[in-house]
Amino acid sequence: MNIGYYLTHRFAIFALNVVLAVITFVTLWDASLLLSDLIENSAVIENLLEGVATIFVAYGVALEERDTLMKVFKLYPRLESVRQEATDKLCHFYGLSYLLIGLFMEVTIELVKLPYRILNDAKTENVIFFIGFLFCLIAITLFVKNNYLLLKLPHQKTAE
């Protein structure tokens, strides 16, 4: 098997989901600790959320196109099966979800960066950061649900 097989395997996706959930949780934790002094820490919080958002976008795009990657790595049609098709469908749905979450997070971050003539209020920044934090929590929930569903995939290996 080539490296593509290992990168696109459902257990590799499971492991990446765990790593990204932990990274997201740690980022969320760190950013929430910085909320006590928003004047000094606003840029740091923006950078933390922006970094996670970028990861979500990139990971979402790659995950969404798992079936295409399987073809690029020349694993399809040889490895096509009911389980692989189910994995592709899960990856497409959750990849699109992570992509959208990342994009929405980037929009909220840009709202904070708007000129102070528009948003010159720490309370408004708190609300916008809260929305970014909420997206992080949603992403963590999706990572967990995605992993649960990856483990529950059908055991049948060949298409009928």
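In what follows, the accompanying structure is described. (Residues numbered from 1 in each chain as written. Predicted model: local features only at pLDDT ≥ 70, side-chain atom pairs only at ≥ 80, totals over all residues. Heavy atoms only, no water.)

### A look at the overall build of the protein chain
Part 1: For the protein chain, the count of helices and strands is six helices and zero strands.
Part 2: Starting at the N terminus and ending at the C terminus, the protein chain contains elements arranged as α-α-α-α-α-α.
Part 3: Its C-alpha atoms give the protein chain principal-axis dimensions of about 60 × 25 × 25 Å.
Part 4: A total of 160 residues make up the protein chain; the buried ones form 40% of that total.
Part 5: For the protein chain, the share of sequence-separated contacts (at least 6 apart) that also reach a separation of at least 24 residues comes to 83%.
Part 6: Surface exposure of the protein chain reaches about 9200 Å², of which carbon and sulfur atoms provide 69%.
Part 7: Between the centroid of the 13 positive side chains of the protein chain and the centroid of its 16 negative side chains there is a distance of 13 Å. (Helix = DSSP H or I, 4+ residues; strand = E, 2+ residues; numbered from the N terminus. Buried < 20%, exposed > 50% of the residue type's maximum accessible area, 1.4 Å probe, protein only. Contact = heavy atoms within 4.5 Å. Areas by Shrake-Rupley, 256 points an atom, 1.4 Å probe, with all protein chains shown as cover. Lys, Arg positive; Asp, Glu negative; His and termini not counted. Charge placed at Lys NZ, Arg CZ, Asp CG, Glu CD.)

### A few points about the nonpolar core
Part 1: In terms of nonpolar packing, the biggest core is built from 32 residues, with Leu49, Met105 and Phe143 touching the most fellow members.
Part 2: Put simply, the parts of the chain that give this core at least two residues each are α2 (10–34), α3 (38–64), α5 (82–113) and α6 (122–151).
Part 3: Take this core: its biggest share by element is 10 residues, from α6.
Part 4: Look past the residues within four positions of Met105 in its chain and what remains in contact with it is Leu49, Val52, Ala53, Phe56, Gly132, Phe135 and Cys136. (Core = buried A, V, L, I, M, F, W, Y, C linked by side-chain atoms within 4.5 Å.)

### Details of the packing of α2 against α3
Part 1: It is the contact of α2 with α3, at a shortest axis distance of 9 Å, that shows an interaxial angle of 165 degrees. Taken as axis vectors, α2 and α3 run roughly antiparallel relative to one another. The element α2 and its partner α3 pack so that their crossing is left-handed. Across from Ile13, Leu16, Asn17, Leu20, Thr24, Thr27, Asp30, Ala31 and Leu34 in α2, the residues of α3 making contact are Leu38, Asn41, Val44, Ile45, Leu48, Val52, Ile55, Phe56, Tyr59 and Leu63.
Part 2: Classifying every residue of the contact of α2 with α3 gives 14 nonpolar, four polar and one charged. (Axes fitted to C-alpha atoms, helices over the stretch in contact; angles between N-to-C directions. Parallel < 35°, antiparallel > 145°, perpendicular 65-115°, else oblique. Left-handed = near helix turned anticlockwise from the far one by under 90°. Nonpolar A, V, L, I, M, F, W, Y, C, P; charged D, E, K, R; others polar.)

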